[in-house]
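# An overview of the molecular structure
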Amino acid sequence: MATEQPAQSTPIHVLIIGYVWPEPRSSAASGHVMQLIDCFLEQGWKITFASAAAEGEHKADLAGLGITEVTITLNHSSFDAFVSELQPDVVLFDQFLMEEQFGWRVEKHCPNAIRLLETSDLQSLRHARHQAVKERLDGKPDADLTNYFQTSRDQLFTRMASTDLAQREVAAIHRSDLSLMVSDVEIELLTQAFSVPAAQLHWVPLLVRENHTAPASPRGFEDRAHFISIGNFRHAPNWDAVLWLKSTVWPLIRAQLPAAQLRVYGAYTPPKAAALHNVAQGFHIMNWAEDALEVMGAARVSLAPLRFGAGIKGKIIDAMVCGTPTVTTPIGAEAMHGELSFPGAVVCDAQGLADAAVSLYTDQARWERAQRDGWHLLPARFSHDRHCATLIERILALRDTLPAHRTANFTGTMLRHHQHKSTQYMSQWIEAKNKNT
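Residues numbered from 1 in each chain as written. Predicted model: local features only at pLDDT ≥ 70, side-chain atom pairs only at ≥ 80, totals over all residues. Heavy atoms only, no water.

## Examining the nonpolar core
In this structure, Ile17, Ile72, Phe79, Phe82, Phe93, Leu190 and Phe194 are the most contacted members of the largest nonpolar core, which totals 36 residues. Of all the secondary-structure elements, those providing two or more residues to this core are β1 (13-18), α2 (78-86), β4 (90-94), α3 (96-109), α4 (123-137), α6 (153-161), α7 (164-175) and α8 (184-192). Once you skip the residues sitting within four places of it in the chain, Leu190 turns out to touch Leu122, Val170, Ile173, Met181, Ser195, Val196 and Leu201. If you look at the next biggest cluster of nonpolar residues, it comprises 33 residues, including Phe227, Val242, Leu262 and Ala350. (Core = buried A, V, L, I, M, F, W, Y, C linked by side-chain atoms within 4.5 Å. Buried < 20%, exposed > 50% of the residue type's maximum accessible area, 1.4 Å probe, protein only. Helix = DSSP H or I, 4+ residues; strand = E, 2+ residues; numbered from the N terminus. Contact = heavy atoms within 4.5 Å.)

## Considerations on unusual backbone geometry
A negative phi angle characterises most non-glycine residues, just as the trans form characterises most peptide bonds. The residue Asn75 is not glycine, and still its phi comes out positive at about 50°. Turning to its location among the elements, Asn75 is positioned in the loop between β3 (68-71) and α2. Of note in this structure, Ser195 is not a glycine but carries a positive phi near 60°. In this fold, Ser195 is placed in the loop between α8 and β7 (201-203). We classify Ser195 as exposed; its relative accessible area is 55%.

## Brief notes about the environment of His202
Here His202 is to be found in strand β7. Sequence-distant contacts of His202, defined by excluding residues within four places in its chain, comprise Leu178, Ser179, Leu180, Met181, Ile187, Thr390, Leu391 and Arg394. A polar contact of 3.1 Å, which involves the side chain of His202, links it to the side chain of Arg394. (Polar contact = N/O pair within 3.5 Å; in protein donor to acceptor, adjacent residues only side chain to side chain.)

## Quick notes on the sheet that holds β4
Spatially, seven strands are ordered β3-β2-β1-β4-β5-β6-β7 in an open sheet, and the strand pairing comes out parallel. On the outer flanks of this sheet lie β3 and β7, each paired with one strand and no other. Neighbour-to-neighbour, the strand axes of the sheet open up by a mean angle of 25°, direction not taken into account. As defined by bridge partners, strand β2 (residues 46-51) adjoins β3 across four bridges and the pair is classed as parallel. Bridge pairing in β3 places Phe49 opposite Glu69. Helix-sheet contacts for α2 involve β1, β2 and β3, and the interaxial angle to β1 is about 160°. (Pairing = 2+ DSSP bridges. Axes fitted to C-alpha atoms, helices over the stretch in contact; angles between N-to-C directions.)

## Side note on α3
Along its 14 residues, α3 runs 19 Å from first to last C-alpha, staying within 8% of the 20 Å computed at 1.5 Å per residue. In the structure, α3 departs most strongly from a straight axis at Phe102, where the bend amounts to approximately 55°. Where burial is concerned, most of α3 is hidden: 10 out of the 14 residues are buried. Burial in α3 covers these residues: Phe96, Met98, Glu99, Glu100, Gln101, Phe102, Gly103, Trp104, Arg105 and Val106. (Expected span 1.5 Å × (residues − 1). Bend = angle between axes of the 7 residues up to and from the residue.)

## Here's the deal with the pairing of strand β5 (residues 114-118)
Within a regular strand, side chains alternate between the sheet's two faces. With five of five residues buried, β5 is to be regarded as a mostly interior element. Side-chain alternation along β5 places Ile114, Leu116 and Glu118 on one buried face and Arg115 and Leu117 on a second face that is also buried. As judged from the five bridges shared by β4 and β5, these two strands associate in the parallel manner. The partner of Leu92 across the bridge, within β5, is Leu116. You can see the chain leave β4, run along α3 and come back into β5, and the turn it takes is right-handed. Two strands pair when backbone bridges link them, and β5 and strand β6 (residues 178-181) are joined in this way by three bridges, in the parallel orientation. Note on β6: the bridge partner recorded for Glu118 is Leu180. (Right-handed = clockwise from strand over helix to strand, strands pointing away.)

## Some details on the environment of His277
Within the element layout of this structure, His277 appears in the loop between α10 (271-274) and β10 (283-287). In contact with His277, other than residues within four places in its own chain, are Phe283, His284 and Ile285. Of note is the side chain of His277, whose polar atom sits 3.0 Å from the backbone nitrogen of Ile285.

## Looking at the sheet that holds strand β8 (residues 227-230)
Strand order in this open sheet of six strands is β10-β9-β8-β11-β12-β13, and the pairing throughout is parallel. For this open sheet the edge positions go to β10 and β13 (344-346), each flanked by a neighbour on one side alone. Here the average twist between neighbouring strands, direction ignored, is 20°. Judged from the four bridges that link them, β8 and strand β9 (residues 262-265) form a sheet pairing that is parallel. Within the sheet, the bridge partner assigned to Ile228 lies in β9 and is Arg263. Each of β8, β11 (301-304) and β12 (326-328) is contacted by helix α12 (residues 314-322), which is oriented at about 155° to β12, the strand it contacts most.

Here's what the structure looks like:
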């Protein structure tokens with residue numbers, strides 16, 4: 001159970017500055033933001049959610065949760081007046097781009113507010129891996145990626161360190177009082193390779209409530225059929241996985257199971273994805289799933305052949321909740337299971353993925369063992385109550401020690417001085433330019 005926190009005479013006010021309006025049924029990143037919101041609401045904290053983005057068709061009902069919604073403008077001093085009046089106790093930047101855009105304004109007008117950065121994943125790590133895959137494939141979709149999947153931490157650092165994206169992202173992490181990381185593997189990368197102090201990072205993965213760690217009446221092996229793949233088509237790793245499935249992995253599965261069917265679900269299906277639909281090949285593009293857990297719980301095996309990416313995978317969490325084993329790559333399994341057994345199979349090459357998928361699909365004992373592994377893993381690693389409690393404790397402790405915490409973070413202070421000055425002047429120049437056009 002969550003640890004009870006001392007009653008607050010005045011509820012803490014959290015301002016969340018979102019890169020997008022959250023769509024938890026479309027992406028794991030938005031799902032994580034909503035999980036953090038749940039943690040704050042359980043404490044009775046007040047929340048204001050602000051974003052400059054247009055609303056998506058699957059936007060969460062924030063107002064229904066008692067959250068104030070505010071539309072803000074990029075590169076405009078109207079935000080200064082807004083945040084000066086609001087005076088939040090905590091400001092959560094959703095993605096480092098929001099810290100870059102609004103961090104200096106928050107620091108100027110709310111100097112005592114705790115500044116949190118929600119990363120979802122390290123974008124610079126995902127980008128570096130994407131480039132590495134492109135180089136190794138070099139126009140050959142079936143190229144062997146085994147050595148790539150075994151890339152060491154030092155090799156990743158070397159590839160990332162010289163990129164503008166990594167320099168900006170890690171700088172934002174340094175500037176923030178605390179960065180919320182979903183992946184403990186990425187925490188290790190940041191502390192060991194990029195020399196980010198551990199005191200600047202906090203592990204809070206995707207969260208599952210204890211009453212959702214296993215369905216009350218799960219479908220058994222005989223009551224399930226077919227394969228499933230799921231993921232937002234706008235997310236490059238998901239789209240690449242679908243292409244690899246279509247061109248290579250799925251034909252290898254069908255060679256062993258000629259009647260097998262694959263249903264591919266994803267939000268915002270583009271025409272190029274719809275064009276992959278082929279009934280004769282058993283390859284079905286199903287568009288957005290109204291209830292992801294329902295369709296996942298009806299499938300026998302989930303396929304997640306991710307060749308690049310970062311963070312942790314919401315689709316694998318959902319599969320575990322539904323008792324559906326997953327076949328994936330080391331990228332898909334990264335930071336998902338720690339020292340515990342992965343609930344399915346982790347393979348580096350297309351033939352291995354196909355063989356593991358067929359084995360899980362046809363071997364009931366192996367399938368049931370993988371299902372049990374998932375239900376054991378969920379409460380051990382993704383407990384909502386435990387992680388929410390530690391997060392709230394960390395924020396409250398930070399409130400009491402904020403001046404000392406910031407003094408110890410000289411690198412962050414230095415970066416805020418230089419980067420925020422340049423960002424401030426650029427933003428003010430853009431605002432002035434817009435006024436004159």
